[in-house]
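# Commentary on secondary and tertiary structure
Below, each chain spelled out in residue letters.
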Amino acid sequence: MSTAFPAATIIGYPRIGPHRELKRAVESYWAGESTAAQLEDTTRRLRLNSYGHLAALGLGESTSAIPASFSLYDQVLDTAATFGVVPDRFRDLYDDDGRLGLDAYFTLARGDAGRQPLEMTKWFDTNYHYLVPEIGPGTRFTLANNWILRNVEEAAEQGFTVRPTIIGPVTFLLLSKAADEAPAGFDPFSRLDDLLPLYVQFLEQLAEAGAQWVQLEEPALVADQAVPTAELADAVERAYRLLAAAKERPAVLVTTQYGSLGGLLPILGSTGIDALHLDLVKGGLPPAADLAALGDTTLIAGVVDGHNIWKADLARAATTLSTLTASVSRVSVATSTSLQHVPHSVEDEPQLNRELRTWLAFADQKVEEVVTLSRLVDHSPAGTIDAAIAEASAVLAARAATEGVIRSEVRARVGSLTPSDFTRVPYPERSAAQETALQLPVLPTTTIGSFPQTAEVRSARARFLRGDLTAEQYTSLMQEEISRVVALQEDLGFDVLVHGEPERNDMVQYFAENLDGFDVTVNGWVQSYGSRCTRPSILWGDVSRPDAITVRWAEYAQSLTEKPVKGMLTGPVTILAWSFVRDDQPLGETANQVALALRDEVSDLERAGIRVIQVDEPALRELLPLRKSLQPDYLTWSVASFRLATAGATPATQIHTHLCYSEFGAIIDAIDGLDADVTSIEAARSRMEVVHDLQGQQFARGVGPGVYDIHSPRIPGEDEVVELVEKAVRHVPARQLWVNPDCGLKTRGYTETTESLRNLVNAAIRVRAQL
Ligand code: GLN
Ligand code: ZN
């Protein structure tokens, strides 16, 4: 139990494999193209390779510095499986020994013919998504899955002493939701005392399996929670005193990524746990008095940013470490967060601009930074990392001085903005002008932008990229696709058309490729959820728009029809949220630069005859700070950047926005503040429940609650859509309502899309006739 914690560690490592091996392995298993044994074999190799790799990078084989952070799908689901937390509708997934096996696990994640999977939701302020456990008063906690144990044993057989990781009890319950059968007002958090004994048993099993350290993850403690602070503090204290008092257990490390523990630091720090990890990048340095409460609990200092891709400022990290070592008896060095949010290695990006490459640190490079810094706490002779510090400082200085990082014309334009640049004329005036210009029926129909991306479209893009198609050939293929999409919408009877976005690989990367100040990677994948990965672009310099981006496609689509075609842009906040962003200036400043580029695009679209323009902001909520005290500032700059992007439009141009979710709660005022003429949101999955939130809001402009759940291949019947629209009409004045799907159709096939859209338009026509 008194094993010293290693001087260097990371909180978690990418699980997808250097070339997305995990994705391919699980997807082929799901498709029935490989066996469970083959899947196990591939993932075993992935795990062991990454241990070997991390050991070689300097974490060592036998010190528990390597986290066993692998997951087949999601770490919250792993924790739910470990403790047998399964909703009633899935009770039959247990095998005869009361165990949850591989197929049970995937069924919870993905559902099956008759059953909804666990809900998926955003993991703190990241673009990773986890599965939400469902807990009721009767949920029976049992040790139902032993993969975490098995991974410890598997590693030991190959000579690695790894550190198993699991979500801690407090965070696990805070992230869970009440099961369907639970009585109103039931809070899963009330089950803490029932769950803790299972954690104790689990720790005993881990000790038996040879684990010297275990990592319990408690990121929920850095976010403001609905549970009152005093109650939360009490629960944290009770939980960890109990776990620390377990007789047979590994040493316990509690990790707290994504922010500051605030007042919980001294409480958690004095429960008798053996080590506490703090995110010092997001959370900042805690007060010395709080640190003093750690006593001989080792402080794991998260000084290397695990959530972004820039090389660390080693000088600054060294200063932080020396402050810490002055007030805490034992300090180790770590990343601020799991490295699951960054790609594997800069080595895999040989094509990147040479200079940019020297500024970057992906997962492997961050491991090296941690190892370097650990020499400062490892009782090595002082000063041994001076050379590394000098080198890192030189990189930062070179980066700051590189052309394009600061562009005076961009700075001057942002500097000269005045309040009027952020404001359109009042809505009633706009709405009158738009009515005249657009002549739309009541309950107008539209889609969210993308149409199914067919194999032909994707192959045309790939061939063009490889140089196998000329620009002319590519353009004419895209135009053919656009004319098909326009004809289809005319045929179905839509009121506001789209061009279908066939030319876009991704709604953010497409803009990144066409703006100055960005670069894109070829292998920079990070896990978004399950087997899905995204490839964030890199925003490294001042942003400007060398040329119009979307205009030629929109203009072409508009030339094919009398109906208005909706121009389609991605908003500034979403562009930032789904890219790796520069860390050398406040995000709000970067957002305004992106907004100005989009503002120019808006006016070019107008000039090309586009009368409706949608600016998507599905990520507005994602960047919302976890602490309430930090939210107003974020909402101020994010809303302002959207307004800056759109307020140059003339009153007669109708500005739409789209958000992918419907839990507005915290941000309803911000959404209203966007001042968009029309806002489309997700609503079909929750059967239009969102209208209750919209009712009575000051939200007086257009709103399109989705009536077709595009996340599933299921075709909604016409009657079903009629019901949803009727429900909406009962709560929101019909003249404000739009009829549209939940989101873009990119991932759907044409067969189900066409039929669903036909039902959607016909339903709108039917309800219209009843008004
Ligand atoms: N316009 C985008 C599309 O339809 C919006 C996607 C999104 O909201 N994520 O694909
Ligand atoms: Zn969406």
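Residues numbered from 1 in each chain as written. Chains lettered and ligands numbered in written order. Predicted model: local features only at pLDDT ≥ 70, side-chain atom pairs only at ≥ 80, totals over all residues.

## Details of the overall build of the protein chain
The secondary structure content of the protein chain amounts to 28 helices and 21 strands. Its C-alpha atoms give the protein chain a radius of gyration of 27 Å, near enough to 28 Å, the size a compact globule of 771 residues would have. Relative to its full complement of 771 residues, the protein chain shows a buried share of 50%. Restricting to contacts in the protein chain with at least 6 residues of sequence separation, those with at least 24 account for 77%. (Helix = DSSP H or I, 4+ residues; strand = E, 2+ residues; numbered from the N terminus. Rg over C-alpha atoms; globule rule 2.2 N^0.38 Å. Buried ≥ 20, exposed ≤ 12 C-beta atoms within 10 Å, placed from the backbone. Contact = placed C-beta atoms within 7 Å.)

## Thoughts on the UniProt feature "domain: Cobalamin-independent methionine synthase MetE N-terminal" (unreviewed entry) in the protein chain
The residues that UniProt annotates with the feature "domain: Cobalamin-independent methionine synthase MetE N-terminal" (unreviewed entry) are residues 8–327. With 41% helix and 12% strand, residues 8–327 has end C-alpha atoms that lie 19 Å from one another. (UniProt positions renumbered as here; feature names shortened; annotations may be inferred.)

## Structural notes on the site of ligand 1
Contacts to ligand 1 come from 13 residues, most closely from I448, G449, S450, P618 and G744. When the residues that make up the shell around ligand 1 are grouped by side-chain class, the tally is six nonpolar, four polar and three charged. (Near = placed C-beta within 6 Å. Nonpolar A, V, L, I, M, F, W, Y, C, P; charged D, E, K, R; others polar.)

## Notes on helix α28 (residues 750–770)
End to end, α28 covers 30 Å across 21 residues, agreeing with the expected 30 Å (1.5 Å per residue, within 8%). All of the buried residues along α28 are T753, S756, L757, N759, L760, A763, A764 and V767. One side of α28 carries all its buried residues, which in axial view fall inside an arc of 160°. Exposed side chains of α28 directed beyond 90 degrees from the buried face belong to T751 and A769. Where the residues of α28 are buried, they touch α19 (471–492) and α27 (718–731). (Expected span 1.5 Å × (residues − 1). Arc of directions from axis to C-beta.)

## Some words on the packing of helix α1 (residues 21–30) against helix α2 (residues 36–59)
Working note: a packed helix pair is described by the angle between its axes plus the distance between those axes. Across the interface, α1 lies against α2 with an axial gap of 10 Å and an inter-helix angle of 170°. Accordingly, the angle class assigned to the pair α1 and α2 is roughly antiparallel. Between α1 and α2 lies a crossing whose hand is left-handed. Packed against α1, whose contacting residues are E21, L22, A25, V26 and Y29, the element α2 presents L39, T42, T43 and L46 at the interface. Tallied by class, the residues present in the contact of α1 with α2 amount to six nonpolar, two polar and one charged. (Axes fitted to C-alpha atoms, helices over the stretch in contact; angles between N-to-C directions. Parallel < 35°, antiparallel > 145°, perpendicular 65-115°, else oblique. Left-handed = near helix turned anticlockwise from the far one by under 90°.)

## Points about the nonpolar core
A301, L321, V333 and V725 are the most contacted members of the largest nonpolar core, which has 221 residues in total. Tallying contributions element by element places helix α23 (residues 587–607) first for this core, with eight residues. Counting the residues that make up this core, at least three belong to each of domain 1 (21–401) and domain 2 (408–412 + 425–770). Once you skip the residues sitting within four places of it in the chain, A301 turns out to touch L278, L280, T320, L321, L324, V331, S332, V333 and A334. (Core = buried A, V, L, I, M, F, W, Y, C linked by C-beta atoms within 7 Å. Domains from an automatic or database assignment.)

## Overview of the sheet that holds strand β21 (residues 702–705)
Across the sheet, five strands lie side by side as β16-β18-β19-β20-β21; this open sheet has parallel pairing. Lying at the two open borders of the sheet, with one neighbouring strand each, are β16 (566–570) and β21. Here the average twist between neighbouring strands, direction ignored, is 20°. In this structure, strand β18 (residues 612–616) lies alongside strand β19 (residues 654–658), joined through five bridges in parallel fashion. Residue pairing for β19: Q614 is matched across the bridge by H656. (Pairing = 2+ DSSP bridges.)

## Some details on the UniProt feature "binding site: L-homocysteine" (unreviewed entry) in the protein chain
According to UniProt, the positions carrying the feature "binding site: L-homocysteine" (unreviewed entry) are I448, G449, S450, E501 and D616. The annotated residues occupy 169 residues of the chain but converge on a single region, no pair of C-alpha atoms lying more than 13.0 Å apart. Turning to its location among the elements, G449 is positioned in the loop between α17 (427–438) and α18 (455–466). In this structure G449 touches V498, E501, M568, Q614 and G744, once residues within four positions along its chain are discounted.

## Let's talk about the domain arrangement of the protein chain
Examined at the domain level, the protein chain breaks down into domain 1 (21–401) and domain 2 (408–412 + 425–770). Distance from the C-alpha centre of domain 1 to the C-alpha centre of domain 2: 34 Å. Counting from both sides, the interface comprises 33 residues of domain 1 and, opposite them, 28 residues of domain 2. Here the side of domain 1 that touches domain 2 gets four residues from one element, more than from any other, and that element is α1. Looking at the side of domain 1 that touches domain 2, its residues break down into 17 nonpolar, eight polar and eight charged.

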